[in-house]
Amino acid sequence: MRDAAHWVRWHETYEDPDSALSLRLRLVQSEVREALDRQAPGPIAIVSMCAGQGRDVIDVVASHRRREDVRARLVERDPALVAFARRRAAAYGVSRHVEVVEADASLVCSYAGFLPADLVLICGVFGNIGERDIRGTVSKMPSFCAPGGTVIWTRHRRPPDLTSSVRGWFVHAGFEEVSFVAPPGTVLSVGCHRFVGGSAAAGSAAGGNSQDLDPDLRLFDFFGDGALPA
Ligand SMILES: C[S@@+](CC[C@H](N)C(=O)[O-])C[C@H]1O[C@@H](n2cnc3c(N)ncnc32)[C@H](O)[C@@H]1O
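Below is a summary of the structure that appears in this document. (Residues numbered from 1 in each chain as written. Predicted model: local features only at pLDDT ≥ 70, side-chain atom pairs only at ≥ 80, totals over all residues. Heavy atoms only, no water.)

**Structural notes on the pattern of salt bridges**
Scanning all chains against the criterion turns up 10 salt bridges. Across the salt bridge formed by Glu99 and Arg73, the nearest N and O atoms sit 2.7 Å from each other. With Glu99 in strand β3 (residues 98–102) and Arg73 in strand β2 (residues 70–76), the pair connects residues that are 26 residues apart, well separated along the chain. A salt bridge links Glu176 to Arg194; the nearest nitrogen and oxygen atoms lie 3.6 Å apart. With Glu176 in strand β6 (residues 175–181) and Arg194 in strand β7 (residues 190–195), this residue pair connects regions lying 18 residues apart in the sequence. Among the residues examined, Glu176 registers a relative accessible area of 37% and is labelled partly exposed. Among the ionic contacts, a cluster of salt bridges with common partners joins Arg67, Glu68 and Arg96. (Salt bridge = Lys/Arg side-chain N within 4 Å of Asp/Glu carboxyl O. Helix = DSSP H or I, 4+ residues; strand = E, 2+ residues; numbered from the N terminus. Buried < 20%, exposed > 50% of the residue type's maximum accessible area, 1.4 Å probe, protein only.)

Dropping the structure here:
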């Protein structure tokens, strides 16, 4: 049953460092750190869809040498989680760099002013939306990403395991795979893809054509309840 505190409770598993969710977080944080390491000098725009508590972005930005260059927008619908992420950003001293908005992450307009982004996080989303929406969201990533931009995504590997399809959709959209980690003994996986352009499917060789995105476009219908393990 989903009540107002459903997603707040879901996040409590992060308090257990031995949980699969905490392992997933460490893997995502490692990819965020490496994506920041790869960035050329200059401003770095980050967007996070369905950001939850925001630990993946906030904790890494706080201690990264590029922190002063970062402008991040974390989009989350649950007001209690928005408040958590804002408190965490303040506690980590990055409120100037990380903005947390209470908004619908499925709408392109929620990212206005932050696209094209150098880093896009889609974590805890692909397991909660339909296959068509996953594919549709991936197909829009060339417009979300600046040239060379990175997408970090997660998806469980329970049957039917869609992860090889998702990886293929990214490649078809003009991305190269940076990494795909699927720890043995878990059903979780973390993918990291970098936009290199050049695909007909991407509709743009260079990427970063965020002006082509319809601000009213809805990317997905989030219906999952996260009941099964990450
Ligand atoms: C599985 S959790 C993932 C949270 C975070 N990204 C992580 O990996 O820890 C999914 C989150 O999506 C949020 N959410 C669901 N639908 C949303 C929407 N349409 N817009 C914004 N957030 C949404 C939920 O409130 C929840 O915090």
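Anyway, onward from the coordinates.
**Some remarks on the layout of surface pockets**
Of the pockets and cavities examined, the largest pocket occupies roughly 530 Å³. Taken together, 35 residues form the lining of the largest pocket, with Cys50, Ala51, Gly52, Glu76 and Phe222 sitting closest to its centre. Top element by residues in the lining of the largest pocket is helix α2 (residues 20–38). It accounts for three residues. Of the residues assigned to the lining of the largest pocket, the class counts are 17 nonpolar, eight polar and 10 charged. (1 Å grid on protein atoms, 1.4 Å probe; cavity = no way out; pocket = protein on both sides within 12 Å on 5 of 7 lines; lining within 4 Å. Points joined across faces, edges and corners; volume = space filled by probe spheres on them. Nonpolar A, V, L, I, M, F, W, Y, C, P; charged D, E, K, R; others polar.)

**Here we look at the environment of Cys123**
Within the secondary structure, Cys123 sits in the loop between β4 (117–122) and α5 (131–144). With a relative accessible area of 9%, Cys123 lands in the buried category. Distance from Cys123 to Arg135, taken between C-alpha atoms, is 15 Å for residues 12 residues apart in sequence. Ignoring sequence-local partners within four residues, the contact set of Cys123 consists of Arg24, Val28, Met49, Cys50, Asp56, Ile152 and Thr154. (Contact = heavy atoms within 4.5 Å.)

**Things to note about the packing of α2 against helix α3 (residues 55–63)**
Contact pair α2 / α3: the axes reach a minimum separation of 9 Å and the direction vectors enclose 50°. It follows from the interaxial angle that α2 and α3 lie oblique. As α2 runs across α3, the sense of the crossing is right-handed. Packed against α2, whose contacting residues are Leu25, Val28, Gln29, Val32, Arg33 and Leu36, the element α3 presents Arg55, Asp56, Asp59, Val60 and Val61 at the interface. A class-by-class count of the residues in the contact of α2 with α3 yields six nonpolar, one polar and four charged. (Axes fitted to C-alpha atoms, helices over the stretch in contact; angles between N-to-C directions. Parallel < 35°, antiparallel > 145°, perpendicular 65-115°, else oblique. Left-handed = near helix turned anticlockwise from the far one by under 90°.)

**Brief notes about the sheet that holds β7**
A sheet is described by the order of its strands in space; here seven strands give the open sequence β3-β2-β1-β4-β5-β7-β6, paired in mixed fashion. Only two strands of the sheet have a single neighbouring strand rather than two, namely β3 and β6. Strand-to-strand, the axes of this sheet are offset by a mean angle of 15°, without reference to chain direction. Bridge count for strand β1 (residues 44–49) against β2 is six bridges, and the pairing is parallel. What sits directly across from Ile46, in β2, is Ala72. Running over the sheet, α5 touches β1, β4, β5 (145–154), β6 and β7 and is turned about 145° from β5. (Pairing = 2+ DSSP bridges.)

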